[in-house]
Amino acid sequence: MENINLFTSPVSTGNMQKHLNEEIKDHATYHRFIQGIRKRVVHTINEVMKVHSEWDFSSIDLSSLIKEKVHEITSTEPIGVCLLCDRPVIDKGKLYACKDETKCDFKIWKTQFGRNIELEHAHSILEKRTTPLLEFFSKPKNKHYSAYIVWNEDKNELNLAFPERIKRPMNKR
């Protein structure tokens, strides 16, 4: 039950606030920090429910309650500028999308090409039109591969771009 002290101790919460104020300067780091706290809260709730099995939580859907509160926090801050209309892009839970959904259909789904798209990847797409080189896994081929996720300006969609393979000269015998 030491996790409860993490949230109830003035020293712990003070350290979290200090960390937020001093070390977190960008949205990606902030988002990871909030997601870390969310995971700790979920873990703590699960531990409390195990230890206090006589408590009745059946009338409360704790998972949706936690998701809604975290989503509320992350969706209000813009993560970048829309590639189609220059309006803010925000975190909408399962995707990053243009804030003005009625006029713009820009979206970056958090699961693309069979892998999770982290906030820093979305930032990279919005700023540089590409992600860093990422690892993927092909289930049908049972094989790992590397690729970039890039914004295709002509089609207004995300595509995979593969790094050029290094051609090695054949050994002559």
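A. Fine view of the side chain of aspartate 100. Within the fold, aspartate 100 resides in the loop between strand E3 (95-98) and strand E4 (107-109). By relative accessible area, which is 18% here, aspartate 100 ends up buried. A distance of 3.4 Å separates polar atoms of two side chains, one belonging to aspartate 100 and the other to arginine 87. Among the polar contacts made by the side chain of aspartate 100, one reaches the side chain of threonine 102 at a distance of 2.7 Å.

B. Structural view of the packing of aromatic side chains. As enumerated under the stated definition, the model contains three aromatic pairs in all. Each member of the aromatic cluster is reached from another via a ring pair, and the members are Phe136, Tyr145 and Phe162. A cation over an aromatic ring shows up here: arginine 115 above the ring of phenylalanine 136, its NZ or CZ 5.7 Å from the ring centre.

C. Region of interest: the sheet that holds E4. In space, the four strands of this open sheet follow the order E1-E2-E3-E4, with antiparallel pairing throughout. Edge strands, defined here as strands with exactly one partner in the open sheet, are strand E1 (78-81) and E4. Each adjacent strand pair in this sheet contributes to an overall mean axis angle of 20°, direction not counted. The sheet contact formed by E3 and E4 spans three bridges and is antiparallel. Paired with alanine 97 across the strands is lysine 107, a residue of E4. Here helix H5 (residues 119-128) sits on the sheet in contact with E1, strand E2 (88-91), E3 and E4, set at roughly 25° to E1.

D. Here's a closer look at the side chain of asparagine 152. Among the secondary structure elements, asparagine 152 is positioned in strand E8 (residues 143-152). Contact partners of asparagine 152, with chain neighbours within four places excluded, come to Glu157 and Asn159.

E. Broad picture of the sheet that holds strand E7 (residues 134-138). Spatial strand order, E7-E8-E9: three strands in an open sheet with antiparallel pairing. Each of the sheet's edge strands pairs with one partner strand only, and the pair in question is E7 and strand E9 (157-161). This sheet shows a mean twist of 50° between the axes of neighbouring strands, independent of strand direction. With five bridges connecting them, E8 and E9 associate as antiparallel partners. Each bridged residue has a counterpart across the sheet, and for isoleucine 149 the counterpart in E9 is leucine 160.

F. Layout of the pairing of E1. Pairing geometry for E1 and E2, over three bridges, is antiparallel. Residue pairing across strands places valine 81 opposite proline 88, the latter belonging to E2. Taking the residues between adjacent antiparallel strands as the criterion, E1 and E2 are bridged by six residues, where aspartate 86 takes a positive phi near 65°.

G. Layout of the pattern of salt bridges. Tallied over the entire structure, the rule returns four salt bridges. When the shortest N-O distance is used, the salt bridge between aspartate 100 and arginine 87 registers 3.4 Å. Highlighted residues: aspartate 100 in the loop between E3 and E4 and arginine 87 in the loop between E1 and E2, separated in sequence by 13 residues. Judged by its relative accessible area of 32%, arginine 87 is partly exposed. Note that lysine 92 is salt-bridged to glutamate 101, the shortest N-O span being 2.7 Å. With a relative accessible area of 49%, glutamate 101 lands in the partly exposed category.

H. Here's a closer look at the environment of leucine 158. Among the structural elements, leucine 158 can be located in strand E9. Residues leucine 158 and tyrosine 148, ten residues apart in the sequence, show an inter-C-alpha distance of 10.0 Å. Filtering out sequence-adjacent residues up to four positions away, leucine 158 remains in contact with Ile108, Gln112, Phe113, Ile125, Ile149, Val150 and Trp151.

Reading the values: rules and limits
- Residues numbered from 1 in each chain as written.
- Predicted model: local features only at pLDDT ≥ 70, side-chain atom pairs only at ≥ 80, totals over all residues.
- Heavy atoms only, no water.
- Helix = DSSP H or I, 4+ residues; strand = E, 2+ residues; numbered from the N terminus.
- Buried < 20%, exposed > 50% of the residue type's maximum accessible area, 1.4 Å probe, protein only.
- Polar contact = N/O pair within 3.5 Å; in protein donor to acceptor, adjacent residues only side chain to side chain.
- Phe/Tyr/Trp six-rings, centres within 6.5 Å; stacked < 30°, edge-to-face > 60°.
- Lys NZ or Arg CZ within 6 Å of the ring centre and 35° of its normal.
- Pairing = 2+ DSSP bridges.
- Axes fitted to C-alpha atoms, helices over the stretch in contact; angles between N-to-C directions.
- Contact = heavy atoms within 4.5 Å.
- Salt bridge = Lys/Arg side-chain N within 4 Å of Asp/Glu carboxyl O.

In short, geometric facts, not functional conclusions.
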